[in-house]
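# Summary of the model geometry
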Amino acid sequence: MLARVAENIYWLSRYLERAENTVRLIQVHSNLLMDLPGLDDHQSWIPLISINGLDDEFAEIHVTATESTVNHFLLTDKENPGSLVNDFTAIHANLRSCRDIIPKTSYESINSLCRLVSREVESVYAQPSHRLVFLRDVEDRLQSISGSLNSNMSHDLGYRVMRMGCYLERADMTSRVIDVQSTRLSANHTSGELIAIQNQRWVAVLRTLVAHQMYRQQLRRPVNGPDTLAFLLSDANLPRSYAFCLDHLDDSFRKVGGSSAPRDAIAALRQKLDSAVYPVLANNPDQLHEFLDDLQLGMLDVSAALSTNYFKSQDTVAGEDLPADRASAELETSV
């Protein structure tokens with residue numbers, strides 16, 4: 001497989017996962033605000049911008065965060081590189097070079113969804129009821145595409161590269177959701193208010209990561225900070241837990257082979273998880289933020305090692321095409 005094709009598959013997977021995260025995040029946050037009275041518009045909506053790491057980009061355009069400005073920025077603003085419409089533009093661009101790699105039914109479903117988003121997102125973002133119906137439809141279609149790829153695509157080199165992109169993006173979003181929802185939002189309330197609404201915030205974190213039902217099944221006790229952190233970061237069986245993503249990333253790197261740099265970066269992240277004391281982190285927002293920031297920086301190291309060792313030649317300028325024989329040699333499976 002040419003390295004440039006593998007990179008397209010990788011980014012196709014990342015953008016599909018990112019789009020699903022965006023639509024679900026807006027849905028869950030909209031419902032959360034119904035249970036959190038007393039917040040002004042800015043306090044209510046700015047966390048969505050922070051989770052996506054787009055505070056500076058948003059501040060360049062808008063003075064304050066409101067339901068309208070935030071949803072426009074995250075869904076339809078073409079000047080925002082992280083907007084849903086730009087995610088699907090990138091999905092469509094990467095999809096073209098993957099036509100011979102992914103199943104035809106999945107290709108057609110992705111293409112159809114790209115057209116749907118391009119056609120309808122501008123007309124629904126400002127209407128809450130229509131927006132939520134639209135976002136739910138997009139989420140359902142994205143989950144159907146994910147299931148189709150998993151069921152119908154050969155689990156070969158292309159599939160492993162696709163899973164790398166998915167789990168890297170998923171792990172990063174898990175840490176971001178926990179960080180903003182459990183620390184920055186908490187700073188907007190007094191200690192008495194925190195006690196009253198703390199569990200609602202942790203429930204919102206679980207729902208954003210599609211983990212609330214699994215939490216209840218496995219722990220069988222009320223939602224609380226220490227248990228939620230341990231579940232979302234260290235549970236080996238939850239598909240959106242940080243540890244689960246690391247395990248599957250490591251397995252993909254092992255099967256693809258090549259440099260040990262990505263696996264070394266993953267091992268460093270595992271050490272951080274193993275040393276975490278979740279009851280302490282759950283009750284110390286500043287310490288939790290620092291811990292999650294370290295995880296995010298560590299995942300950047302994994303991403304950089306992946307890109308350097310599989311997609312780019314160290315002897316060429318970034319963005320320069322590799323000769324076909326050199327590019328093919330970049331990704332040779334070891335199994």
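In this report, we go over the structure that sits alongside the text. (Residues numbered from 1 in each chain as written. Predicted model: local features only at pLDDT ≥ 70, side-chain atom pairs only at ≥ 80, totals over all residues. Heavy atoms only, no water.)

## Overview of the pattern of salt bridges
We count it as follows: The working definition used for a salt bridge is a side-chain nitrogen of Lys or Arg within 4 Å of a carboxyl oxygen of Asp or Glu. Secondary structure elements follow DSSP: runs of H or I no shorter than four residues count as helices, runs of E no shorter than two count as strands, and numbering proceeds from the N terminus.
According to the stated counting rule, one finds 19 salt bridges in the structure shown. The shortest N-O distance in the salt bridge between Arg18 and Glu169 comes to 2.9 Å. Of this pair, Arg18 sits in helix H1 (residues 3-33) while Glu169 is found in helix H8 (residues 157-184), placing the two residues 151 residues apart along the sequence. Measuring nitrogen to oxygen at the nearest pair gives 3.4 Å for the salt bridge that ties Asp140 to Arg136. Of the two residues, Asp140 and Arg136 both sit in helix H7 (residues 128-152), four residues apart, roughly one turn of that helix.

## With respect to the packing of helix H12 (residues 242-256) against helix H15 (residues 285-311)
This is how the line gets drawn: Orientation is described by axes fitted as lines to C-alpha atoms, over the contacting stretch for helices, and by angles from 0 to 180 degrees between their N-to-C directions. These descriptions rest on fixed angle ranges, namely under 35 degrees for roughly parallel, over 145 for roughly antiparallel, 65 to 115 for roughly perpendicular, and the rest for oblique. Here is the rule for handedness: rotate from the far helix to the near one, and if that takes an anticlockwise turn smaller than a right angle the crossing is left-handed, while a clockwise turn gives right-handed. What makes two residues a contact is simply this: any of their non-hydrogen atoms within 4.5 Å. Residue type decides the class: Asp, Glu, Lys and Arg count as charged, Ala, Val, Leu, Ile, Met, Phe, Trp, Tyr, Cys and Pro as nonpolar, and the leftover types, Gly among them, as polar.
At their nearest, the axes of H12 and H15 sit 13 Å apart, and the two run at 15° to each other. Considered as vectors, H12 and H15 are oriented roughly parallel to each other. Remark: the crossing between H12 and H15 carries left-handed chirality. Facing Tyr242, Leu246, Leu249, Phe253 and Val256 of H12, the residues of H15 in contact are Leu295, Met299, Val302, Leu306 and Tyr310. Taken together, the residues of the contact of H12 with H15 break down into ten nonpolar, no polar and no charged.

## With respect to the environment of Leu116
We count it as follows: Relative accessibility decides the category of a residue: with a 1.4 Å probe and only protein chains considered, values under 20% of the type maximum give buried, values over 50% give exposed, and everything between is partly exposed.
Here Leu116 is to be found in helix H6 (residues 104-124). Since its relative accessible area comes to 6%, Leu116 is described here as buried. Expressed as a C-alpha distance, the spacing of Leu116 and Phe88, which sit 28 residues apart in the sequence, is 9.9 Å. Apart from residues lying up to four places away in sequence, Leu116 is in contact with Val121, Phe134, Asp137 and Arg141.

## Remarks on unusual backbone geometry
The phi angle at Val210 is positive, at roughly 50°, despite the residue not being glycine. Here Val210 lies in the loop between helix H9 (191-208) and helix H10 (212-219). Among the residues examined, Val210 registers a relative accessible area of 44% and is labelled partly exposed. In this model, Arg220 sits at a positive phi of 55°, which is unusual for a non-glycine residue. Looking at where Arg220 falls in the secondary structure, it is placed in the loop between H10 and helix H11 (225-234). On the basis of relative accessible area, Arg220 is assigned to the exposed category, the value being 70%.

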